[in-house]
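Below, each chain spelled out in residue letters.
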Amino acid sequence: MTSPSAPQFVIVMGVSGSGKTTVAEGLAEHLGWTYVEGDDLHPAANVEKMRNGIPLTDEDRWPWLRKIGEWIDEHEGEGKSAVITCSALKRTYRDLLREGRPGVTFCHVDVSREELERRLAERKGHYMPASLLQSQLDTLEELSEDEPGVIVESTGGQEAVLREVLKALNLHGERSAT
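Computed from a predicted structure; not experimentally measured.

> Can you walk me through the overall build of the protein chain in this structure?
Of the regular secondary structure elements, the protein chain holds seven helices and five strands. Sequence-ordered secondary structure for the protein chain, helices as α and strands as β, is β-α-β-α-α-β-α-β-α-α-β-α. When the accessible surface of the protein chain is totalled, it reaches about 8,800 Å², and 48% of it is carbon and sulfur.

In structure tokens:
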């Protein structure tokens, strides 16, 4: 990672229903870091496509990913560490997010397909329909060994997953006002 005084950015990634938001909110609260839901940075046209069950293309995603990168740059400039949710399904997307940003680390929240289907069936009020799960699974490229980050299975309840994430990222016990 970066030096202790440099801002750090954990991008909690994975497909819809993996628990990104729950993990990211818990991580941000534990560390005292800023948090942003990456989906809130999607252009309205992307949200509408997903709401209508239309998978996003790379061309749809690039402006969104650049906006997340700009958000990171702003917070880095202010010296603030943060946790961001972003599906970051492809290596090229992750490369763009960390380009020129040495403080970026990924936390891939991995969940079985059966559990994803169960969670998405129970989800209420989210524009991402369960019908798009397969397109996300088809697009997902696992973190490579040369990428900064960890893969954590989302099993065992929220507290257990948070402990595992903190341990895997070597962030446990660190509380920072940045």
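> Would you mind showing me how to read the pattern of salt bridges here?
One side chain can pair with another of opposite charge once the charged atoms of both are near each other. One pass over the full model with this rule turns up 12 salt bridges. When the shortest N-O distance is used, the salt bridge between K90 and D58 registers 3.1 Å. In this pair, K90 is assigned in the loop between strand 3 (82-85) and helix 4 (91-98) and D58 in helix 3 (residues 58-77), connecting sequence segments 32 residues apart. Two residues, R91 and D146, come together in a salt bridge whose shortest N-O distance is 2.9 Å. Highlighted residues: R91 in helix 4 and D146 in the loop between helix 6 (133-139) and strand 5 (149-153), separated in sequence by 55 residues. We classify R91 as partly exposed; its relative accessible area is 21%. By relative accessible area, D146 is classed as exposed at 53%.

> Whenever I open this one, the nonpolar core confuses me. Can you help?
Soluble, globular proteins show a tendency: their nonpolar side chains are buried together. Counting residues in hydrophobic clusters, the biggest one holds 46 residues, and the most contacted among them are L27 and I84. For I84, the residues in contact, after removing those within four places along its chain, are F9, V10, I11, V12, V36, I68, W71 and I72.

> Looking at this structure, how should I read the packing of helix 3 against helix 4?
To describe two helices that pack against each other, one gives the angle between their axes and the distance between the axes. Following both chains from N to C, one finds helix 3 and helix 4 inclined at 30°, their axes separated by 9 Å at the closest point. In terms of their interaxial angle, helix 3 and helix 4 are classed as roughly parallel. Here helix 3 and helix 4 pass one another in a crossing that is right-handed. Note on element contacts: helix 4 touches helix 3 through T92, Y93, L96 and L97, opposite D58, R61, W62, L65, R66, I68, G69 and I72. Partitioning the contact of helix 3 with helix 4 into residue classes produces seven nonpolar, two polar and three charged.

> Whenever I open this one, the packing of aromatic side chains confuses me. Can you help?
Two measures describe an aromatic ring pair: the distance that separates the ring centres and the angle between the ring planes. Inspection of the entire model under this criterion finds one aromatic pair. With a centroid separation of 5.4 Å and an interplanar angle of 90°, the aromatic rings of W62 and Y93 are classed as edge-to-face. A residue pair is termed long-range when its members are at least 10 positions apart, and W62 in helix 3 and Y93 in helix 4 qualify at 31 residues. By relative accessible area, which is 1% here, Y93 ends up buried.

> Can you help me understand the sheet that holds strand 5 in this one?
Consider a sheet: its strands pair through backbone hydrogen bonds, and that pairing is either parallel or antiparallel. Read from one edge of the open sheet, five strands run 2-3-1-4-5, paired in parallel fashion. Every other strand in the sheet has two partners, leaving strand 2 (34-37) and strand 5 as the edge strands with one partner each. Ignoring which end each strand starts from, the neighbouring axes of this sheet average 20° apart. Across the sheet, helix 7 (residues 158-168) touches strand 4 (104-110) and strand 5, and the angle it forms with strand 5 is around 160°.

> Is there a simple way to explain unusual backbone geometry in this structure?
Phi is mostly negative for residues that are not glycine, and the peptide bonds are mostly trans. Of note in the backbone geometry, A88 takes a positive phi value of approximately 45° without being a glycine. Positionally, A88 belongs in the loop between strand 3 and helix 4. One non-glycine residue, N170, lies in positive phi territory at about 55°. Structurally, the position occupied by N170 is in the segment after helix 7. Residue classification places N170 among the exposed residues on the basis of a relative accessible area of 54%.

What counts, and where the lines are drawn
- Residues numbered from 1 in each chain as written.
- Predicted model: local features only at pLDDT ≥ 70, side-chain atom pairs only at ≥ 80, totals over all residues.
- Heavy atoms only, no water.
- Helix = DSSP H or I, 4+ residues; strand = E, 2+ residues; numbered from the N terminus.
- Areas by Shrake-Rupley, 256 points an atom, 1.4 Å probe, with all protein chains shown as cover.
- Salt bridge = Lys/Arg side-chain N within 4 Å of Asp/Glu carboxyl O.
- Buried < 20%, exposed > 50% of the residue type's maximum accessible area, 1.4 Å probe, protein only.
- Core = buried A, V, L, I, M, F, W, Y, C linked by side-chain atoms within 4.5 Å.
- Contact = heavy atoms within 4.5 Å.
- Axes fitted to C-alpha atoms, helices over the stretch in contact; angles between N-to-C directions.
- Parallel < 35°, antiparallel > 145°, perpendicular 65-115°, else oblique.
- Left-handed = near helix turned anticlockwise from the far one by under 90°.
- Nonpolar A, V, L, I, M, F, W, Y, C, P; charged D, E, K, R; others polar.
- Phe/Tyr/Trp six-rings, centres within 6.5 Å; stacked < 30°, edge-to-face > 60°.
- Pairing = 2+ DSSP bridges.

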